[in-house]
Amino acid sequence: MPMRTDEYGENNPMSEDVRAGGQPRTIRWGILATGGIAATFTEALLSMPDAEVVAVGSRGPAAAKAFADRYGIARAYGSWAELAADEAVDVVYVATPHAAHRAAAGLCLEAGRAVLCEKAFTLNSRQALELVELARARRLFLMEAMWTYCNPLVRHLAALVADGAIGELRGVSAHFGFAADFPPEHRLRDPAQGGGALLDLGVYPVSFAQLLLGEPDEVRAVAHLTPEGVDSHTAIALGWSGGAVATLSCSFTADTGAPATLAGSAGRIDIPEGFFHPESFTLHRPGHAPRTIHLSDIHPDPDPDTMRHEAAEVIRCLRAGATESPLVPLDGSLAVMRTLDRVRERIGVRYAGVDE
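What counts, and at which threshold
Residues numbered from 1 in each chain as written. Predicted model: local features only at pLDDT ≥ 70, side-chain atom pairs only at ≥ 80, totals over all residues. Heavy atoms only, no water. Pairing = 2+ DSSP bridges. Helix = DSSP H or I, 4+ residues; strand = E, 2+ residues; numbered from the N terminus. Axes fitted to C-alpha atoms, helices over the stretch in contact; angles between N-to-C directions. Buried < 20%, exposed > 50% of the residue type's maximum accessible area, 1.4 Å probe, protein only. Right-handed = clockwise from strand over helix to strand, strands pointing away. Contact = heavy atoms within 4.5 Å. Salt bridge = Lys/Arg side-chain N within 4 Å of Asp/Glu carboxyl O. Disulfide = S-S within 2.5 Å.

(A) Region of interest: the sheet that holds strand E2 (residues 51–57). A sheet is described by the order of its strands in space; here six strands give the open sequence E3-E2-E1-E4-E5-E6, paired in parallel fashion. Only two strands of the sheet have a single neighbouring strand rather than two, namely strand E3 (75–77) and strand E6 (142–144). Neighbour-to-neighbour, the strand axes of the sheet open up by a mean angle of 25 degrees, direction not taken into account. Sheet analysis places E2 next to E3, joined by three bridges and oriented parallel. Counterpart to Val56 in the pairing with E3 is Ala76.

(B) The pairing of strand E4 (residues 91–94), seen in detail. Every second residue of E4 is oriented toward a common face, with Val91 and Tyr93 on one face and Val92 and Val94 on the other, all of them buried. Here strand E1 (residues 27–32) pairs with E4 via four bridges, running parallel. When the bridges of E4 are listed, Ile31 appears paired with Tyr93. For E4 and strand E5 (residues 114–117), the ladder comprises four bridges, and the chain directions are parallel. What sits directly across from Val91, in E5, is Ala114. Taken together, E4, helix H5 (residues 101–110) and E5 constitute a β-α-β crossover, and its handedness is right-handed.

(C) A look at the side chain of Ser207. Positionally, Ser207 belongs in helix H9 (residues 197–213). Owing to a relative accessible area of 2%, Ser207 belongs among the buried residues under this scheme. In contact with Ser207, other than residues within four places in its own chain, are Met146, Tyr149 and Val336.

(D) The arrangement of the pattern of salt bridges in detail. In this structure the tally under the stated criterion is 23 salt bridges. The shortest N-O distance in the salt bridge between Arg113 and Glu87 comes to 3.3 Å. With Arg113 in the loop between H5 and E5 and Glu87 in the loop between helix H4 (80–84) and E4, the pair connects residues that are 26 residues apart, well separated along the chain. The salt bridge partner of Glu218 is Arg220, with a shortest N-O separation of 2.7 Å. For Glu218, a relative accessible area of 37% gives the class partly exposed. On the basis of relative accessibility, which here comes to 55%, the residue Arg220 falls in the exposed class. Residues participating in the shared-partner salt-bridge network are Arg25, Arg28 and Asp90.

(E) Just the state of the cysteines, in detail. Going through the model one piece at a time under the given rule, you end up with zero disulfides. This cysteine, Cys108, is not joined by any disulfide, and Cys117 carries the nearest cysteine sulfur, 9.1 Å off. Its relative accessible area of 0% is what places Cys108 among the buried residues. When its relative accessible area of 0% is taken as the criterion, Cys117 is described as buried.

Function cannot be read off these values alone, since they describe shape.
See below:
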């Protein structure tokens, strides 16, 4: 994945603020939106001694107050703009569905807030580029909430591959699917809300493949579309000029689970389930017994299903005065969005008013 070498911005105004008194202080978070993912992330923050959730914002005051009462948050705002204007917030976690990411994250950046924005980063690469250019112009921290990239076991796996543990990486296989019967009005079937399996689920296997191999040169895809015109089950084939390929899929009508395999010229790595937050993976090499590596083997936090690692990366970056993370670089997020655009073009999914 492309990495920026200038991620530490000397002129970032956050840098001196977080070092006031010579000691790193607690990073103060605002939560934008009050759904399930917002609750999960807030619970992760509440377990961290160097994070404080100080405000929450929603589209209306009732939802914000209920969320604030639930988690003991001091300030509840009935609009996104009020949250974005709160000078006591160091960074805003944008937890809306992805159709609102451009508007919500852009509002916060315009107000001078650092932003951690859920995935998929936006609806398309144009919107993503707008956010990146805004953050860079204002020298503000921005990161896509791709927790997979911050997971210690995934980082260890990527390092092993880069060091040649399985020889030359020639193939990635990754799938993420479940079977559900969503009604037509559900957001996953609604084009106006960026519906479809690809942006909700497919972003994970695509991001995983590009973490290891970078942006592909060739993109092919086929899909089954719902009557509303979004994909319910998509198969993706990616190719790189060096000869590597990836076979990926996503679905909300087929229970594929979430396994992954990395195939190399001198071995392979299997992740039996949950490749985007794995508990373990197994290294296979000719002439050697299979070796299984667990998260608990390499990190004191053995819980794979946690967002604390990505929150810790944001905190580390803000304390260092960084405007982006080397673990989740903005150029990498843009590359993933370009691939998702190419997949949607191949399968015929378009979002009215966005893709024109």
